[in-house]
Amino acid sequence: MIRGWLRSRRRRRYLREPIPAAWRAWLEPLPHARALTDAECARLVAFARAFVEEKRFEGCAGFVVDDEVRACIALQACLIVLGLGLDAYRRVRTVLVYPATYRRANRSATGAVVSEGDAHIAGETVLGGPVVLTWDATVHGGQVGDDGRNLVFHEFAHQIDLLDDYADGAPPLVEDASYRAVIGREFEQHVRAVESKKRTFLDPYGATNPAEFFAVATEAFFERRDRLRDKHPELYAELAAFYQRRQPLDQE
Ligand SMILES: [Zn+2]
């Protein structure tokens, strides 16, 4: 109770304060920030500062996590929840960071673990567990803002999807039947296009299952918004309605 109150107070303070110089320097190179208004930049940094305070970061395989690493991850993760609010990450406690794509002998097949790739893992999301990132892909995501690929957006989209314990491409914050109908139809069309070896605008990896479709659609929404609107207007409209609604910073 007290911890929740202190957290809310700190979040509100971050929203009121001007952007600290260090955070301005970390925000500057992020290509996605160029499209944001000053108020949105201030909100993004306030979210990211709170994120860094509230989550635990751990380096793996010899990787050292410093302030810049934390900021680079937090800014990208918070960019996709500027509208939803930071509590969309209320179940994320730990972020593990590997230096580069790593190998794992046994791949888990449970529905609660979402791994990217096969034996080579670029990132991973575990229900109630950590978000696992690789630093090389995280840096790429923070430097290139329009290739439709962003590991941090992707893994944190899985976390939003998993808020109701199901990796099904339909986050619990979405209640309307129209969202489910559109995303279901778009997923099926995507699977058919990938199966028939057609060139697709969305990453073919999205044909893996509805959870991956939601994650790659999220990457496209935040990186190639205009083209997504042209190619998939209904999907774009649903994602816009979902991601762009505005919640207070400290909403529970
Ligand atoms: Zn994924």
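Residues numbered from 1 in each chain as written. Predicted model: local features only at pLDDT ≥ 70, side-chain atom pairs only at ≥ 80, totals over all residues. Heavy atoms only, no water.

## Let's talk about the overall build of the protein chain
Link 1 in the chain: A tally of regular secondary structure across the protein chain gives 10 helices and seven strands.
Link 2 in the chain: Put simply, 67% of the contacts in the protein chain that link residues at least 6 apart link residues at least 24 apart.
Link 3 in the chain: Of the roughly 12,300 Å² of accessible surface on the protein chain, 51% is carried by carbon and sulfur atoms. (Helix = DSSP H or I, 4+ residues; strand = E, 2+ residues; numbered from the N terminus. Contact = heavy atoms within 4.5 Å. Areas by Shrake-Rupley, 256 points an atom, 1.4 Å probe, with all protein chains shown as cover.)

## A short note on the packing of aromatic side chains
Link 1 in the chain: Taken as a whole, this structure holds 16 aromatic pairs when the rule is applied.
Link 2 in the chain: Residues tyrosine 89 and phenylalanine 156 carry aromatic rings whose centres are separated by 5.0 Å and whose planes lie at 65° to one another, so their mutual orientation is edge-to-face. Here tyrosine 89, found in the loop between α4 (67-79) and β2 (94-98), pairs with phenylalanine 156, found in helix α6 (residues 151-161); they are 67 residues apart in sequence, far enough to count as distant.
Link 3 in the chain: Classification of tyrosine 89 as buried rests on a relative accessible area of 0%.
Link 4 in the chain: Owing to a relative accessible area of 0%, phenylalanine 156 belongs among the buried residues under this scheme.
Link 5 in the chain: Within the aromatic cluster, the residues linked to one another by ring pairs are Phe153, Tyr179, Phe214, Phe221, Phe222, Tyr236, Phe242 and Tyr243.
Link 6 in the chain: Over the face of the ring belonging to phenylalanine 221 we find arginine 225, whose NZ or CZ atom lies 4.2 Å from the ring centre. (Phe/Tyr/Trp six-rings, centres within 6.5 Å; stacked < 30°, edge-to-face > 60°. Buried < 20%, exposed > 50% of the residue type's maximum accessible area, 1.4 Å probe, protein only. Lys NZ or Arg CZ within 6 Å of the ring centre and 35° of its normal.)

## Concerning the nonpolar core
Link 1 in the chain: Phe51, Tyr89, Val95, Phe156, Ile160, Leu228 and Tyr243 are the most contacted members of the largest nonpolar core, which has 68 residues in total.
Link 2 in the chain: The residues contacting tyrosine 243, other than those within four sequence positions of it, are Ile80, Gly83, Leu84, Ala157, Ile160, Phe214, Thr218, Phe221 and Phe222. (Core = buried A, V, L, I, M, F, W, Y, C linked by side-chain atoms within 4.5 Å.)

## Observations concerning the pairing of strand β6 (residues 123-126)
Link 1 in the chain: Where β6 lies against strand β7 (residues 131-134), three bridges are found, and the strand directions are antiparallel. By the bridge assignment for β7, glycine 123 is matched with leucine 133.
Link 2 in the chain: Linking two consecutive strands that pair antiparallel, namely β6 and β7, is a turn of four residues; a positive phi of about 70° is found at glycine 128 within it. (Pairing = 2+ DSSP bridges.)

## Describing the confidence of the model for the protein chain
Link 1 in the chain: The share of residues in the protein chain with pLDDT of 70 or more is 88%, and the mean pLDDT across the chain is 88.
Link 2 in the chain: Mean pLDDT across the elements of the protein chain ranges from a minimum in strand β5 (residues 120-121), with 56, to a maximum in α4, with 98.
Link 3 in the chain: Segment residues 106-111 is flagged for pLDDT under 50; beyond a separation of four residues in sequence, or across chains, it makes five contacts in the model. (pLDDT = per-residue confidence, 0-100.)

## Some remarks on helix α7 (residues 177-195)
Link 1 in the chain: An ideal rise of 1.5 Å per residue puts 27 Å on 19 residues; α7 measures up with 27 Å between its terminal C-alpha atoms.
Link 2 in the chain: If you check which residues of α7 are buried, you get Tyr179, Val182, Ile183, Glu186, Phe187, His190, Val191 and Ala193. Down the axis of α7, the smallest arc covering the buried residues is 165°, so these residues share one side. Along α7, exposed side chains directed more than 90 degrees from the buried face belong to Ala177, Arg192 and Glu195.
Link 3 in the chain: Within two residues after α7, lysine 197 carries a phi angle of roughly 60°, on the positive side. (Expected span 1.5 Å × (residues − 1). Arc of directions from axis to C-beta.)

## A short note on the packing of helix α1 (residues 2-16) against helix α3 (residues 38-54)
Link 1 in the chain: Two elements in contact, α1 and α3, have axes whose closest approach is 8 Å; the angle formed by their N-to-C orientations is 145°. In this structure, α1 crosses over α3, and the sense of that crossing is right-handed. Seen from α1, the contacting residues are Arg7, Arg10, Arg11, Tyr14 and Leu15; seen from α3, they are Arg43, Ala46, Arg49, Ala50, Glu53 and Glu54.
Link 2 in the chain: Tallied by class, residues from the contact of α1 with α3 come to four nonpolar, no polar and seven charged. (Axes fitted to C-alpha atoms, helices over the stretch in contact; angles between N-to-C directions. Left-handed = near helix turned anticlockwise from the far one by under 90°. Nonpolar A, V, L, I, M, F, W, Y, C, P; charged D, E, K, R; others polar.)

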